[in-house]
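Topology and contacts: notes
The residues making up each chain are set out below.
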Amino acid sequence: MSGDSELGEFLKVRRALVSPAEGGRARRRVPGLRREEVAALAGVSTDYYTRLEQGRHKRPSEAVLRSLADALQLDDLSTRHLFDLARTVAAPRRRTPAATVQRVRPSLHRLLTSFTDHPAFVRGRRTDVLAMNNLAALLLTDFPAKPARDRNLLRWVFLDEEARRRYVDWEKTASSMVGTLRLDAGRHPDDQLLTRLVDDLSEHSDEFRTWWADHRVVERRDGIKRFEHPLVGRIDVNYEALDVTGEADQTLFIYTTEPGSESESKLRTLAEQVRAPTRPGTSPDSN
């Protein structure tokens, strides 16, 4: 992924989403704003904006980026992503270092293990699952038992049919995860493992390829997940996503259920299954 092309593609996709003022003008053959209209709204020349889209201008100022965000009607998250992409374009190209292996510190592993009634896991860059407790492994899939390359939420969601059966709202969940990966790509444009993941998923999934091309960005902090579990049926959980203090690009996800709900009862049944002596434990060194 080239920073130049990523910034240009993002601008093109986002201007196509902005509806021009009607004003009685004839229907257009293509949707969205023209380059000259974005330039006028942002207070820059059409030539300047065109060079941005084509990757020929390397250092847009903060003021210009703010004006472009307003012209393209970007929300706060998309504006942050725009700034990430612009920093990528401005940064000098350097030799890409070897990918750093993310690890979860032992105290966090112990914390995960202590959550015996709540599924919990740590997500790293590229939606890699770095660690999870046994209840999360039973509710989702046992990522620690998979080969290192396959301990990735996106690989599971798009390439494993079980994931499609497990998530009631599969399309919503999968497209949201693609948006999360887009954020990672903006922050880490030289991540070779991320590039390989995108290439692999694009080759094997039409849905991933389509959603990746729309440049949507998503940051998941809380919400509801709905599962259809083979052992207990439908379970609705609330999730909270918490940044791990002192660790870059690590997020702790914790699932809970509504008190007194049928989902709470079903999750308790799964927890009892996990506590059975036949269920192997998850070792801190398993990732």
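Structure's up top.
Residues numbered from 1 in each chain as written. Predicted model: local features only at pLDDT ≥ 70, side-chain atom pairs only at ≥ 80, totals over all residues. Heavy atoms only, no water.

**Observations regarding the packing of aromatic side chains**
We describe a pair of aromatic rings using the distance from one ring centre to the other and the angle between the two ring planes. Stated precisely, the cut-off is as follows: Any two rings among Phe, Tyr and Trp, with Trp reduced to its six-membered ring, count as a pair given centres within 6.5 Å; such a pair is stacked if its planes are under 30 degrees apart, edge-to-face if over 60, and tilted if neither. A run of H or I in DSSP counts as a helix once it spans at least four residues, and a run of E counts as a strand once it spans at least two, with each numbered from the N terminus. The classification of residues rests on relative accessible area computed with a 1.4 Å probe and restricted to protein chains. Under 20% of the type maximum is buried, over 50% is exposed, and intermediate values are partly exposed. Two limits define a charge over a ring: the Lys NZ or Arg CZ must be within 6 Å of the ring centre, and within 35 degrees of the ring normal.
Scanning all chains against the criterion turns up 12 aromatic pairs. Ring geometry for F143 versus W156: centroids 5.8 Å apart, planes at 80 degrees, classification edge-to-face. In this pair, F143 is assigned in the loop between α7 (134-139) and α8 (153-159) and W156 in helix α8, connecting sequence segments 13 residues apart. We classify W156 as buried; its relative accessible area is 3%. A centroid spacing of 5.2 Å and a plane angle of 40 degrees characterise the contact between Y167 and F227, whose relative ring orientation is tilted. Pair noted here: Y167 is in the loop between α9 (161-166) and α10 (170-187) and F227 is in strand β3 (residues 222-229), with a separation of 60 residues, a long-range link. Judged by its relative accessible area of 0%, F227 is buried. Put simply, the rings of F121, F143, W156, Y167, F227, Y239, F253 and Y255 touch in pairs and so form one group of aromatic residues. In this structure, R164 is placed above the aromatic ring of W170, and the distance from its NZ or CZ to the ring centre is 3.9 Å. When the ring centre of W212 is taken as reference, the NZ or CZ atom of R182 above it lies at 3.7 Å.

**Some words on the pattern of salt bridges**
The condition is simple: Each reported salt bridge corresponds to a side-chain nitrogen of Lys or Arg within 4 Å of a carboxyl oxygen of Asp or Glu.
Tallied over the entire structure, the rule returns 27 salt bridges. The partner of R165 in a salt bridge is E162, with the nearest N and O atoms 3.0 Å apart. Residue R165 and its partner E162 are located together in helix α9, separated by 3 residues, close to a single helical turn. Exposure remark for R165: the relative accessible area of 54% places this residue in the exposed category. A relative accessible area of 23% places E162 in the partly exposed class.

**Remarks on the packing of α10 against helix α12 (residues 206-213)**
Cut-off, in case you're wondering: Every angle, taken between N-to-C directions, lies between 0 and 180 degrees, and every axis is a line fitted to C-alpha atoms, over only the stretch in contact when it is a helix. The scheme is simple: roughly parallel for angles under 35 degrees, roughly antiparallel for over 145, roughly perpendicular for 65 to 115, oblique for anything else. Handedness of each helix crossing follows the sense of rotation of the near helix against the far helix: counterclockwise by less than a right angle gives left-handed, clockwise gives right-handed. Here, residues are in contact when the closest pair of their heavy atoms is within 4.5 Å.
Between α10 and α12, the least distance of the axes is 9 Å, while the angle of their chain directions is 50 degrees. When the interaxial angle is binned, α10 and α12 end up oblique. Pair α10 / α12 crosses with right-handed handedness. Where α10 approaches α12, its residues W170, E171, A174, S175, V178, L181, R182 and A185 are matched on the opposing element by E207, F208, W211 and W212.

**Digging into the pairing of strand β1 (residues 120-123)**
To keep things clear, this is the line we draw: Here, a strand pair is defined by DSSP locating no fewer than two bridges between the strands.
Burial of the side chains of β1 extends over both faces: A120 and V122 are buried on one face and F121 and R123 on the other. Where β1 and strand β5 (residues 251-256) come together, 4 bridges link them in antiparallel fashion. Bridge pairing in β5 links R123 to T251. Here β1 pairs with strand β2 (residues 129-132) via 3 bridges, running antiparallel. Bridge pairing in β2 links R123 to V129. Connecting β1 to the antiparallel partner β2 that follows it, the hairpin turn spans 5 residues, and R126 within it adopts a positive phi of roughly 65 degrees.

**Topic: helix α2 (residues 35-42)**
Along α2, the residues that are buried comprise E37, V38, A39 and A42. Where α2 ends, the next residue or the one after it, G43, has phi of about 75 degrees, a positive value.

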